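# Breakdown of the fold
What follows is each chain in one-letter form.
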Amino acid sequence: MPNAINIAKFSEVNLTDRDYFNILTITKFWFPEKARGLFELAQLIFNLAKDFDKRINWRIVGYGPLLEDVKKSVALLERPKNLSVQWFGYDTPQKYFSDSDIFAYFSYEDNMPIAIMEAMTSGLPVVTNKVGAVSEIIDSGHDGFIALSHQDYQNILLKLMSDFNLRKEIGRSARQRIKNKFSWEVILPDWINMYKKLL
């Protein structure tokens, strides 16, 4: 049974076309494969920023015992002048959605990432690698993007950052996807039917 989202808790973001980008990542630093994914995402974003002419603010929300090690590893990378990296540790993820342009996720260990589902509910365009059950959440190219390689991931990010209308279209489709397939109104009857069968 998939995770369910309370749509009412998430306001739809008002994406705007501006001269900088806020990329948001929400993850947990409890598992080595999640931490490795974050570091590889850092390498992708650092490489992308070198050839991008606008400012990029990468905001990372999450905590766990591996956080400090990842921060040290990322600090050793050569950071382009147009890129800032902000670490927010343990915090309420929802408060970062409204001022974000893109949600970027990368992990080597996951099932059905709730962070991706919440970002989609908020109407953010999501880019992720192929992990766990993300293919059940995202119809890639329609309501989000599942990258199949590092280069593919970087290309998708650049495409989204270069096309405001695409960001809006994917964001709207993402919210509708969650509403139609993963809202409590859809999932709760399935839970009830399952329990009835067990009685």
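Structure report, in brief. None of the values given here were measured: they were computed from a predicted structure.

Bringing helix H1 (residues 32–50) into the picture now. Each α-helix turn comprises 3.6 residues. Residues three or four places apart therefore point the same way. With 19 residues, H1 extends 28 Å between its outermost C-alpha atoms, agreeing within 8% with the 27 Å of an ideal straight helix rising 1.5 Å per residue. Every buried residue of H1 is accounted for by Lys 34, Ala 35, Gly 37, Leu 38, Glu 40, Leu 41, Ala 42, Leu 44, Ile 45, Phe 46, Leu 48 and Ala 49. In this structure, the buried residues of H1 make contact with strand E1 (20–26), strand E2 (55–61), helix H2 (67–75), strand E3 (83–89), strand E4 (102–105) and helix H6 (150–161).

Moving on to the sheet that holds strand E5 (residues 126–129). Here six strands make up an open sheet; going across it, the order is E3-E2-E1-E4-E5-E6 and the pairing parallel. Edge positions in the sheet fall to E3 and strand E6 (145–147), since each has one partner strand and no second. Direction aside, the axes of adjacent strands within the sheet are offset by 25° on average. Two strands pair when backbone bridges link them, and E1 and E4 are joined in this way by two bridges, in the parallel orientation. Residue pairing across strands places Ile 23 opposite Ile 102, the latter belonging to E4.

End to end, helix H7 (residues 164–181) covers 26 Å across 18 residues, agreeing with the expected 26 Å (1.5 Å per residue, within 8%). Regarding H7, the residues found buried are Phe 164, Leu 166, Arg 167, Ile 170, Gly 171, Ser 173, Ala 174, Arg 175, Arg 177 and Ile 178. For H7, the elements touching its buried residues are E1, E4, helix H4 (114–121), helix H5 (134–137), E6 and H6. Here H7 starts with a cap whose side-chain oxygen sits 3.2 Å from the backbone nitrogen of Asn 165, and that cap is Asp 163.

Burial along E5 is two-sided: Val 126 and Thr 128 and Val 127 and Asn 129, pointing in opposite directions, are all buried. One crossover worth recording links E4 to the parallel E5 by way of H4, and it is right-handed. Two strands pair when backbone bridges link them, and E5 and E6 are joined in this way by three bridges, in the parallel orientation. Across the sheet, the residue bridging to Val 127 is Phe 145, located in E6.

The residue Asn 165 is located in helix H7 in this model. Sequence separation of Asn 165 and Thr 121 is 44 residues, and the distance between their C-alpha atoms is 18 Å.

Taken as a whole, this structure holds nine aromatic pairs when the rule is applied. Taking 6.4 Å as the distance between ring centres and 55° as the angle between the ring planes, the aromatic pair formed by Phe 29 and Trp 87 counts as tilted. With Phe 29 in the loop between E1 and H1 and Trp 87 in strand E3, this residue pair connects regions lying 58 residues apart in the sequence. Seen in terms of ring centroids, Phe 106 and Tyr 153 are 5.6 Å apart; in terms of plane orientation they differ by 40°. Their pairing is tilted. Remark: Tyr 153 occurs in helix H6 and Phe 106 occurs in the loop between E4 and H4; sequence separation between them is 47 residues. For Phe 106, a relative accessible area of 5% puts it in the buried group. For Tyr 153, a relative accessible area of 0% puts it in the buried group. Cation over ring: Arg 36 sits above Tyr 108, and NZ or CZ is 3.8 Å from the ring centre.

Within the largest apolar cluster, 33 residues are counted, with the highest numbers of intra-cluster contacts made by Leu 41, Ile 56, Trp 58, Val 127, Tyr 153, Leu 157 and Met 161. Within the residue set of this core, elements represented by two or more residues are E1, H1, E2, H2, E4, E6, H6 and H7. The biggest single contributor to this core is H1, with nine residues. If you look at the next biggest cluster of nonpolar residues, it comprises 30 residues, including Ile 5, Leu 15, Phe 97 and Ile 116.

Scanning the entire structure with this criterion turns up 11 salt bridges. Asp 110 serves as the salt-bridge partner of Lys 34, at 2.8 Å between the closest nitrogen and oxygen. Residue Lys 34 is found in helix H1, and its partner Asp 110 is found in the loop between E4 and H4; the two are separated by 76 residues along the sequence. You can call Asp 110 partly exposed: its relative accessible area is 24%. Between Glu 68 and Lys 71 there is a salt bridge; the shortest N-O distance is 3.7 Å. Within this pair, Glu 68 and its partner Lys 71 are both found in helix H2, separated by three residues, close to a single helical turn.

What counts, and at which threshold
- Residues numbered from 1 in each chain as written.
- Predicted model: local features only at pLDDT ≥ 70, side-chain atom pairs only at ≥ 80, totals over all residues.
- Heavy atoms only, no water.
- Helix = DSSP H or I, 4+ residues; strand = E, 2+ residues; numbered from the N terminus.
- Expected span 1.5 Å × (residues − 1).
- Buried < 20%, exposed > 50% of the residue type's maximum accessible area, 1.4 Å probe, protein only.
- Contact = heavy atoms within 4.5 Å.
- Pairing = 2+ DSSP bridges.
- Axes fitted to C-alpha atoms, helices over the stretch in contact; angles between N-to-C directions.
- Polar contact = N/O pair within 3.5 Å; in protein donor to acceptor, adjacent residues only side chain to side chain.
- Right-handed = clockwise from strand over helix to strand, strands pointing away.
- Phe/Tyr/Trp six-rings, centres within 6.5 Å; stacked < 30°, edge-to-face > 60°.
- Lys NZ or Arg CZ within 6 Å of the ring centre and 35° of its normal.
- Core = buried A, V, L, I, M, F, W, Y, C linked by side-chain atoms within 4.5 Å.
- Salt bridge = Lys/Arg side-chain N within 4 Å of Asp/Glu carboxyl O.

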